[in-house]
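# Summary of the model geometry
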Amino acid sequence: MQARLAAFAAARDWGPFHTPKNLASALSVEAAELVEIFQWLTPEQSARVMDDPDSAHRVRDEVADVLAYLLQLCEVLGIDALAALDAKIDRNESRFPAPGRDSVDRDPGRHSSES
């Protein structure tokens, strides 16, 4: 998919515009557009958003936009997205062990995947 996205951008001479800053900004905008779909829904309504064909189409399109910009950002920066995700999960497994496991670096006050 990264190669296909790179070829798509190259065919349109978009390379000069696909800087890390611009791609990160575009990613943020697309993520906000995804959030907008759910903004005023109740938790129950949000769980059923894919039941409505129009809403489902919008969600799929925004998810695709977010993923496309993320993959393009990874391409420009030379990041293997799946390897980065794998490493992050490894760190989170250490930071947030499953119940019944001990960890020296566990901080019960943090529930974010930030690190």
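About the cut-offs
Residues numbered from 1 in each chain as written. Predicted model: local features only at pLDDT ≥ 70, side-chain atom pairs only at ≥ 80, totals over all residues. Heavy atoms only, no water. Helix = DSSP H or I, 4+ residues; strand = E, 2+ residues; numbered from the N terminus. Buried < 20%, exposed > 50% of the residue type's maximum accessible area, 1.4 Å probe, protein only. Contact = heavy atoms within 4.5 Å. pLDDT = per-residue confidence, 0-100. Axes fitted to C-alpha atoms, helices over the stretch in contact; angles between N-to-C directions. Parallel < 35°, antiparallel > 145°, perpendicular 65-115°, else oblique. Left-handed = near helix turned anticlockwise from the far one by under 90°. Nonpolar A, V, L, I, M, F, W, Y, C, P; charged D, E, K, R; others polar. Patch = residues over 30% accessible without salt bridge, like charges linked within 9 Å, V, L, I, M, F, W, Y side chains within 5 Å. Areas by Shrake-Rupley, 256 points an atom, 1.4 Å probe, with all protein chains shown as cover. Salt bridge = Lys/Arg side-chain N within 4 Å of Asp/Glu carboxyl O. Phe/Tyr/Trp six-rings, centres within 6.5 Å; stacked < 30°, edge-to-face > 60°. Lys NZ or Arg CZ within 6 Å of the ring centre and 35° of its normal.

## Some details on the side chain of Gln 72
Within the fold, Gln 72 resides in helix H4 (residues 53–77). Residue Gln 72 is classed as buried on the basis of its relative accessible area of 12%. Sequence-distant contacts of Gln 72, defined by excluding residues within four places in its chain, comprise Leu 5, His 18 and Leu 23.

## A closer look at the confidence of the model for the protein chain
Of the residues in the protein chain, 87% have a pLDDT of 70 or more, and the chain-wide mean is 91. Mean pLDDT values over the elements of the protein chain span from 93, in helix H1 (residues 2–11), up to 98, in helix H2 (residues 20–38).

## A look at unusual backbone geometry
Phi is positive for Asp 13, which is not a glycine, with a value near 55°. Counting through the fold element by element, Asp 13 comes out in the loop between H1 and H2.

## Thoughts on the packing of H2 against H4
The N-to-C vectors of H2 and H4 enclose an angle of 160°; their axes lie 9 Å apart at closest approach. Comparing their axes, H4 and H2 come out roughly antiparallel. For the pair H2 and H4, the crossing hand works out as left-handed. Here Pro 20, Leu 23, Ala 24, Ala 26, Leu 27, Glu 30, Ala 31, Glu 33, Leu 34, Ile 37 and Phe 38 of H2 come into contact with H4, specifically with Arg 58, Val 59, Glu 62, Val 63, Asp 65, Val 66, Tyr 69, Leu 70, Gln 72, Leu 73, Val 76 and Leu 77. Here the contact of H2 with H4 is composed, by residue class, of 17 nonpolar, 1 polar and 5 charged.

## Side note on a nonpolar patch on the surface
Among the surface-exposed residues, Phe 8, Trp 14 and Phe 17 lie close enough to one another that they form a single nonpolar patch of about 320 Å² accessible area. Mapping Phe 17 onto the fold places it in the loop between H1 and H2. Residue Phe 17 is classed as exposed on the basis of its relative accessible area, which comes to 53%.

## As for the packing of aromatic side chains
Counted by the stated rule, this structure contains 1 aromatic pair. Summarising the aromatic geometry, the rings of Phe 8 and Trp 14 are spaced 5.5 Å apart at their centres and angled 75° between planes, so their arrangement reads as edge-to-face. Take Trp 14: its relative accessible area is 35%, and that puts it in the partly exposed class. Over the ring of Phe 8 we find Arg 12, and its NZ or CZ is 3.5 Å from the ring centre.

## With respect to the environment of Arg 4
Here Arg 4 is to be found in helix H1. Taking relative accessible area as the criterion, Arg 4 reaches 63% and is therefore assigned exposed. On a C-alpha basis, the gap between Arg 4 and Gln 72 in space is 9.9 Å, while along the polypeptide they are 68 residues apart.

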